[in-house]
Structures are given as C-alpha cells and as structure tokens.
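# Observations on the three-dimensional arrangement
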Amino acid sequence: MEILRVQNLSKTYGQGETKVEALKNASFSMEKGEFAAVVGESGSGKSTLLNCIGGLDVPTAGSVYLDGEALFSMGENKRTIFRRRNIGFIFQSFHLISELNVEQNIIFPLLLDHKKPDRDQVEEILKVLGLTDRRSHLPGQLSGGQQQRVAIGRALITRPALILADEPTGNLDSQNSRDVMDLLFQASRRYQQTVLMITHNMNLTTSADRVFRVTDGVLKELGGERR
C-alpha cells in the first residue's frame, strides 16, 4: 500500500547570481511499513527534501501526496493540522519541552489535538523504548540517548502515516546511535510505520529497506528491495 508519493519536487532559494537550486525534480514513493534512508553530504539538499516532504517548507515546484492527500493543495492551517496528525518528526536536537516529564513530552502531540491518550498505548511505548522507570523524569535528568528515545515516543504516539527522522543520531555516541537505529527499525516493523531518515553516515543505513543519495540537489536511489 503506497503511503508517500513525491513527484518532481524542486526547491530554489534566491534569484539571479544568488540563486541556489537546493532540490531538483526529486521523485519516489514509499509503501506502508517501509524504512528508507537518504544520505548525502552537508548542504547536498537532503534536509530540504525532508522539510518539503514534511510540509515544514513549501517547494518551488512539484507535489507530495501522503496517504492519498496532496499536501500542498491544502491551505496553511489545514496543512498544519494534517501534518500534526499524520507526520511524526524526530530531530537531531530532540526539541523536548524542559518543563514536562518523559510521559508528558510523549503525549504532548495528542494534547495539542485535544485527544485523550490511550493508557495502554502509552504504557506500550514506554516499555518498548525502555523508559518505564524514567516516565517522571524531566529532560534535563536524562542522557542524550534517553532524550532521543522520548523524541521517538513522541513521534510514535499519534500512529502517524509517516515518520521523518532528521539526523536522529547526530548528537549520540556509537552505542546510543545503534540503539536509536534499532528502535526506528522496530517502529517500522512492529507498528508498520513508514520511516524516512536522513543521515550523512552510510554505516547507519544497513537496516534500511532502500537507500537514496542526494548530491547537489539530485536524488538517486542506491539500492535495496521493497518488502
């Protein structure tokens, strides 16, 4: 079942001599439960790709369809609500709310949408992430690896159609990086989440079903098999 379709996505910044083509006619699709990685050097356009797919940035041209819905045919307010309900984001810098504890940070997207958390689902996510005994801790009382686990839980709680992970291991040591990759892979398989991750580290792509590379704004598939 196709969840994501990207068609001829382009993004240009500036004009004239300052014009930069950050993304050039990127096209691909992803199936439900698929785990794909996008690699590329800093400044290659991979973050631009992720931001456009997630609706955080508006492309200059092209289309993004998520679960059959055209993201950029929506008005800004509708797109914001759709994004909150259908896309989970995991960032390199965690972006946790310092005044909220682990459990509160995880359920925060539901509260924003005025929804009551499912207690069984919350308990399951805490258990899967190994955070049950840290549920009342504040972010400042956690290690970097634990904070990233909370960020993953926050991305999972709404059961989104798509999870976008932007350099999710960038601030972690090698052991925590492996743990985070395992959790993302587990989310893909256990919850049938579609996961698209960007990274500059090819060593982190071994679990991915497919791997893409962005070079000077051009997206190419390197290989892998659709499940």
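## Things to note about the nonpolar core
Counting residues in each nonpolar core, the largest one holds 37 residues, and the members touching the most others are Ile90, Val102, Val150, Ile152, Leu156, Leu184 and Met197. Every element with two or more residues in this core is listed here: β3 (35-39), α3 (102-112), α4 (119-128), α5 (144-156), β7 (162-166), α6 (174-190) and β8 (194-199). Apart from residues no more than four positions distant in its own chain, Val102 is found in contact with Leu126, Leu131, Arg134, Arg135, His137, Leu142 and Val150. Residues Leu9, Leu50, Leu71 and Leu219 belong to the second largest nonpolar core, which totals 29 residues.

## Points about the packing of aromatic side chains
Scanning all chains against the criterion turns up 2 aromatic pairs. Ring geometry for Phe28 versus Phe212: centroids 5.0 Å apart, planes at 45 degrees, classification tilted. Of this pair, Phe28 sits in strand β2 (residues 20-31) while Phe212 sits in strand β9 (residues 210-215), placing them 184 residues apart in sequence. The exposure classification of Phe28 matches that of Phe212, with both residues buried.

## Overview of the side chain of Asn86
As for its placement among the helices and strands, Asn86 is situated in helix α2 (residues 76-86). At 2.8 Å, the side chain of Asn86 forms a polar contact with the backbone oxygen of Phe82.

## Observations regarding the environment of Pro139
As for its position among the elements, Pro139 is in the loop between α4 and α5. Counting along the chain gives 37 residues from Pro139 to Val102, while the straight-line C-alpha distance between them is 6.9 Å. Sequence-distant contacts of Pro139, defined by excluding residues within four places in its chain, comprise Leu96, Ile97, Ser98, Leu100, Asn105 and Gln147.

## Some remarks on helix α1 (residues 46-53)
α1 sits mainly inside the fold: 6 of its 8 residues count as buried. Of all the positions in α1, only Lys46, Thr48, Leu49, Leu50, Cys52 and Ile53 are classed as buried. Where α1 ends, the next residue or the one after it, Gly55, has phi of about 75 degrees, a positive value.

## With respect to the environment of Val64
You can see Val64 is positioned in strand β4 (residues 61-66). With a relative accessible area of 1%, Val64 lands in the buried category. Between the C-alpha atom of Val64 and that of Arg5, which follows or precedes it by 59 residues, the distance is 5.9 Å. The contact partners of Val64, leaving out residues within four places of it in the chain, are Leu4, Arg5, Leu9, Cys52, Ile53, Glu69, Ala70, Leu71 and Phe72.

Rules of the game
- Residues numbered from 1 in each chain as written.
- Predicted model: local features only at pLDDT ≥ 70, side-chain atom pairs only at ≥ 80, totals over all residues.
- Heavy atoms only, no water.
- Core = buried A, V, L, I, M, F, W, Y, C linked by side-chain atoms within 4.5 Å.
- Buried < 20%, exposed > 50% of the residue type's maximum accessible area, 1.4 Å probe, protein only.
- Helix = DSSP H or I, 4+ residues; strand = E, 2+ residues; numbered from the N terminus.
- Contact = heavy atoms within 4.5 Å.
- Phe/Tyr/Trp six-rings, centres within 6.5 Å; stacked < 30°, edge-to-face > 60°.
- Polar contact = N/O pair within 3.5 Å; in protein donor to acceptor, adjacent residues only side chain to side chain.

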